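# Survey of secondary and tertiary structure
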Amino acid sequence: MRIRLFVALLFMAPAMAQAADPSAFVESYAKEHRFSGSILVQEEGKVVYAGSFGLASLAFNVPNTRKTPYKIASITKAFTAVLVLQLREQGKLDLQRPIRAYLPDYAGEGGDRITVHQLLNHTSGLPNFDTVTDAATALTQGLPTYQTPYTSDQLLSKFCSGKPIHAPGAVFEYNNCDYIVLGKIVERVSGMQYGQLLQESILRPLGMNHTGLLRQGEIIDGLAETYFQRDSSGKLSADLPVYPENWYAAGAMYSTVDDLLKFSDALFGSGLISDASRTSMIAPGLDDYGYGVWSYDTKMQGREVHAVKRPGRIMGAQTQLFHVLEPDVTVILLGNTDTTDTDEFVSKIAKQVIVGGQ
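Residues numbered from 1 in each chain as written. Predicted model: local features only at pLDDT ≥ 70, side-chain atom pairs only at ≥ 80, totals over all residues. Heavy atoms only, no water.

As a further point, take the sheet that holds strand β9 (residues 253-255). In spatial order, the strands read β5-β9-β6; together these three strands make up an open sheet with antiparallel pairing. In this open sheet, the two edge strands, each paired with only one partner strand, are β5 (70-73) and β6 (212-213). As paired elements, β6 and β9 share two bridges and run antiparallel to each other. Within β9, the residue paired with L213 across the bridge is M253. (Pairing = 2+ DSSP bridges. Helix = DSSP H or I, 4+ residues; strand = E, 2+ residues; numbered from the N terminus.)

So this is what it looks like as structure tokens:
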């Protein structure tokens, strides 16, 4: 009886492993949708797929690899949210207190009404200074907010101290200003520059040695160039020149797929923030948005799951940190062109893993 059982398990094991392997789907989809970038997939603590596609530099024919650093755009917001929650755990910050409790010189009318909580979940009511929302406008008018160098103090005073256009807490409106204000708050509370606090509180403890802040005056070794489609022809062009530091605590970071997996593992595991902080971070509010992430129930392959998603998009930088709580599945996708619907791609990858693991 034991021999028959052993033989049965021996023949079953390869089939089960094959079923959970998303390689065929990922590579087919990437080719069909012209994906350029790197992808890392983890299931229950084990990497089940790692692959890279396309070129980090079209001009010099440099391929993307697993070690390639990419601009991660608004995945930065998840890091900023973690810094805020860490400071709250240290007793240095109260999410229900207003901006002016921490920035007494803040000039905006909402300084005494907009809370840290409302900044975190994009219900501050502050006006959005990202007025260029499509490629056609950017090509004719440029990106004035990002093509002039500003310090973080200048970003705060010039763009993020306006009169609220909604009552605080009433309306969800995605807005980089919210996270620029948060960046200044964590600096004031911690007594450190944002980049230094990021290093000391997250990057160094997690061994994220290939992650940091982009600055126009610094060259990041191996950083993938980013490209976008100027028109319907599908032809790729280099991204418009900008000062990436102007995205500051809302979108100025770069990283690799392996480094971001370390961050995800620590965020959804232990050692980064407490269970209570994680619960508040992923509690869905308006538009299913928590603190720096979208968090929602969805159905995958007929199974109800809870997903936490943090996309990032700045021209050709197209990125995703996608995590399913149960079963434990993480998809890290970092792209350097705008040719692929990455929201669809990460969701379909996770579905492949979930159905294969059943």
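Read on, since the account is not over.
With that settled, consider the environment of L87. Here L87 lies in helix α3 (residues 76-89). Through-space distance from the C-alpha of L87 to that of A107 is 24 Å; in sequence the pair is 20 residues apart. With sequence-adjacent residues up to four places away left out, L87 is seen in contact with K92, L93, V186, V189, S190 and L197. (Contact = heavy atoms within 4.5 Å.)

To continue, consider the pairing of strand β2 (residues 46-53). Two elements, strand β1 (residues 37-43) and β2, share seven bridges in a ladder whose sense is antiparallel. Within β2, the residue paired with V41 across the bridge is Y49. Hairpin connection between β1 and β2: a loop of two residues separates the two successive antiparallel strands, and E44 in this loop has a positive phi of roughly 50°.

Ranked by internal contacts, the top residues of the largest apolar core, which has 102 residues, are I39, F79, I202, F263 and M281. I39 has contacts with V26, Y49, A50, G51, F53, V257, V331, I332, L333, F345 and I349, leaving out every residue within four places of it along the chain. (Core = buried A, V, L, I, M, F, W, Y, C linked by side-chain atoms within 4.5 Å. Buried < 20%, exposed > 50% of the residue type's maximum accessible area, 1.4 Å probe, protein only.)

Let's shift gears to the confidence of the model for the protein. Across the protein, pLDDT averages 92, with 94% of residues at or above 70. Ignoring residues within four places in sequence, the model shows residues 1-19, a span with pLDDT below 50, making three contacts including any to other chains. (pLDDT = per-residue confidence, 0-100.)

Here we come to helix α10 (residues 257-268). In this model, α10 (12 residues) spans 16 Å end to end at C-alpha, consistent with the 16 Å of a helix rising 1.5 Å per residue. A large share of α10 lies buried, amounting to nine of its 12 residues. Those residues of α10 that sit buried are V257, D259, L260, L261, F263, S264, A266, L267 and F268. (Expected span 1.5 Å × (residues − 1).)

Before going further, it helps to examine the side chain of T330. Topologically, T330 is positioned in strand β13 (residues 329-335). Of the polar contacts made by the side chain of T330, one reaches the side chain of H323; its length is 2.8 Å. Residues within four places of T330 in sequence aside, it is in contact with L40, V41, Q42, L261, S264, F322 and H323. (Polar contact = N/O pair within 3.5 Å; in protein donor to acceptor, adjacent residues only side chain to side chain.)

The next subject is the environment of V353. Note on placement: V353 falls in helix α12 (residues 342-356). Sequence separation between V353 and S23 is 330 residues, and the spatial gap between their C-alpha atoms is 9.9 Å.

Before going further, it helps to examine unusual backbone geometry. A cis amide bond links E326 to the next residue, P327, at an omega of 5°. Among the secondary structure elements, P327 is positioned in the loop between β12 (317-324) and β13. Unusually for a residue other than glycine, H122 sits at a positive phi of about 55°.

Moving on, we get to the pattern of salt bridges. In this structure the tally under the stated criterion is 11 salt bridges. The salt bridge involving D259 is made with K262; its shortest N-O contact spans 4.0 Å. One end of the pair is D259 and the other is K262, both in helix α10 and three residues apart, which spans about a single turn. Classification of K262 by relative accessible area gives partly exposed; the value is 36%. A salt bridge links D343 to K309; the shortest N-O distance between them is 2.8 Å. With D343 in helix α12 and K309 in strand β11 (residues 303-314), this residue pair connects regions lying 34 residues apart in the sequence. A relative accessible area of 15% places K309 in the buried class. (Salt bridge = Lys/Arg side-chain N within 4 Å of Asp/Glu carboxyl O.)

With that settled, consider the side chain of N246. Take N246: it is sitting in the loop between β8 (236-238) and α9 (248-251). From its side chain, N246 meets the backbone oxygen of T148 in a polar contact 2.7 Å long. Here N246 is in contact with T145, Y146, T148, P149, Y150, L155 and I180, once residues within four sequence places are set aside.

A few words now on the packing of aromatic side chains. Counting across every chain of the model gives 15 aromatic pairs. Ring centres of F25 and Y29 lie 5.6 Å apart, and the angle between their planes is 45°; on these two criteria the pair is classed as tilted. Highlighted residues: F25 and Y29, both in helix α2 (residues 23-32), separated by four residues, approximately one helical turn. Classification of Y29 as buried rests on a relative accessible area of 5%. Directly above the aromatic system of Y102 lies the positively charged group of R97, at a separation of 5.9 Å from the ring centroid. (Phe/Tyr/Trp six-rings, centres within 6.5 Å; stacked < 30°, edge-to-face > 60°. Lys NZ or Arg CZ within 6 Å of the ring centre and 35° of its normal.)

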